[in-house]
Amino acid sequence: MKKRVKRKFNPLKFLSFIAFIIICYFLTMYLLDIKTKNIVVLNNNYYSDEKIIETSGIENYPKFLSLNTNKIKKKLLKLDLIENVTIKKKWNFVLELTIKEKKILYLIRSENKYRLSDNKLYDLDDVFSVPTLINYIPESNEKKFVNAFKNIDNNIISMISEIEYSKTSYDSDRFLLYMNDGNMVYVTTTKLKSLNKYVDIVSKLENKKGILYLDSGNYFEIKEK
């Protein structure tokens, strides 16, 4: 039968353990009490940093470790133009908010509302550099147009002044785009993607103005002076 060996009480180890517990406690209290030192907002275009931070409810730079990122995300997603938000807690108590906004495609003149990439209409203020739709498009045709147009680069969209629905007897998805540089572009919904090459195309025209046919033939008709 084995004998039980009584361990001797070691006051040094005990005190070391207590000291460790106390240090962990105060360190935890210290970390929990540290406020957010910096808030970084990325990829926002329509909404200002101040609007994002205020909507998030973190304008007073709350305690960093107690921040609930899910609550912040839910608040931001209530803004009309916010499509998604990625929130990261980073080193040195920095909170990073990466915003993905819906794309503003064009203003509908008849309704004075903006069509966005989610195919919904919104009342917006202070919107610049988007084209104006000047006539009516049947709902089914506009839906197809939106699905294609939202893939056009923002810098190209900003070069379009007006959009006119210009169907023909053989193509109900044909549009005429009036460009800010004085050119006009005929294009169909299925060929809208080629509009992303507009800058390259006009750079080869030696400053000549006219009509670019991207709907068929891909040719340029020079305007007569």
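Structure: see above.
No experiment lies behind these values; they were computed from the predicted model shown. (Residues numbered from 1 in each chain as written. Predicted model: local features only at pLDDT ≥ 70, side-chain atom pairs only at ≥ 80, totals over all residues. Heavy atoms only, no water.)

Student: Sorry, what's going on with a nonpolar patch on the surface here?
Tutor: Together, Phe-14, Leu-15, Phe-17, Ile-18, Phe-20, Ile-21, Ile-22, Tyr-25 and Phe-26 make up a nonpolar patch on the protein surface, roughly 930 Å² of accessible area in all. Of note, Phe-26 is situated in helix α1 (residues 11-33). Judged by relative accessible area, which is 54%, Phe-26 ranks as exposed. (Patch = residues over 30% accessible without salt bridge, like charges linked within 9 Å, V, L, I, M, F, W, Y side chains within 5 Å. Areas by Shrake-Rupley, 256 points an atom, 1.4 Å probe, with all protein chains shown as cover. Salt bridge = Lys/Arg side-chain N within 4 Å of Asp/Glu carboxyl O. Helix = DSSP H or I, 4+ residues; strand = E, 2+ residues; numbered from the N terminus. Buried < 20%, exposed > 50% of the residue type's maximum accessible area, 1.4 Å probe, protein only.)

Student: Hey, could you run me through the side chain of Asn-183 in this one?
Tutor: Residue placement: Asn-183 occurs in the loop between β9 (174-179) and β10 (184-188). Among the polar contacts made by the side chain of Asn-183, one reaches the side chain of Tyr-198 at a distance of 3.1 Å. A polar contact of 2.9 Å, which involves the side chain of Asn-183, links it to the backbone nitrogen of Gly-210. Dropping the residues within four chain positions of it, Asn-183 is found in contact with Leu-177, Tyr-178, Tyr-198, Val-202, Lys-208, Lys-209, Gly-210 and Phe-220. (Polar contact = N/O pair within 3.5 Å; in protein donor to acceptor, adjacent residues only side chain to side chain. Contact = heavy atoms within 4.5 Å.)

Student: Sorry, what's going on with the sheet that holds strand β1 (residues 38-42) here?
Tutor: For sheets, the rule is that strands pair by backbone hydrogen bonds, running either parallel or antiparallel. Pairing in this open sheet of three strands is mixed, and the strands run β1-β3-β2 from one edge to the other. The open sheet terminates on both sides in strands that have one partner only, identified here as β1 and β2 (82-90). Strand-to-strand twist across the sheet, computed as the mean angle between neighbouring axes with direction ignored, equals 15°. Pairing of β1 with strand β3 (residues 94-101), which is carried by five bridges, proceeds in the parallel orientation. Note that in β3 the partner of Ile-39 across the bridge is Leu-95. Helix α2 (residues 49-56) rests against β1, β2 and β3 of the sheet, and its axis sits at about 120° to β1. With respect to the sheet, helix α3 (residues 69-76) is in contact with β2 and β3, its orientation differing from that of β2 by roughly 155°. (Pairing = 2+ DSSP bridges. Axes fitted to C-alpha atoms, helices over the stretch in contact; angles between N-to-C directions.)

Student: Mind showing me how you'd approach the pairing of strand β8 (residues 160-165) here?
Tutor: Along a regular strand, successive side chains alternate from one face of the sheet to the other. The pairing of strand β7 (residues 132-133) with β8 spans two bridges and is classified as parallel. Across the sheet, the residue bridging to Thr-132 is Glu-162, located in β8. Sheet topology note: the β8/β9 ladder contains five bridges and is antiparallel. The partner of Ile-163 across the bridge, within β9, is Leu-177.

This is a description of form; function is not addressed.
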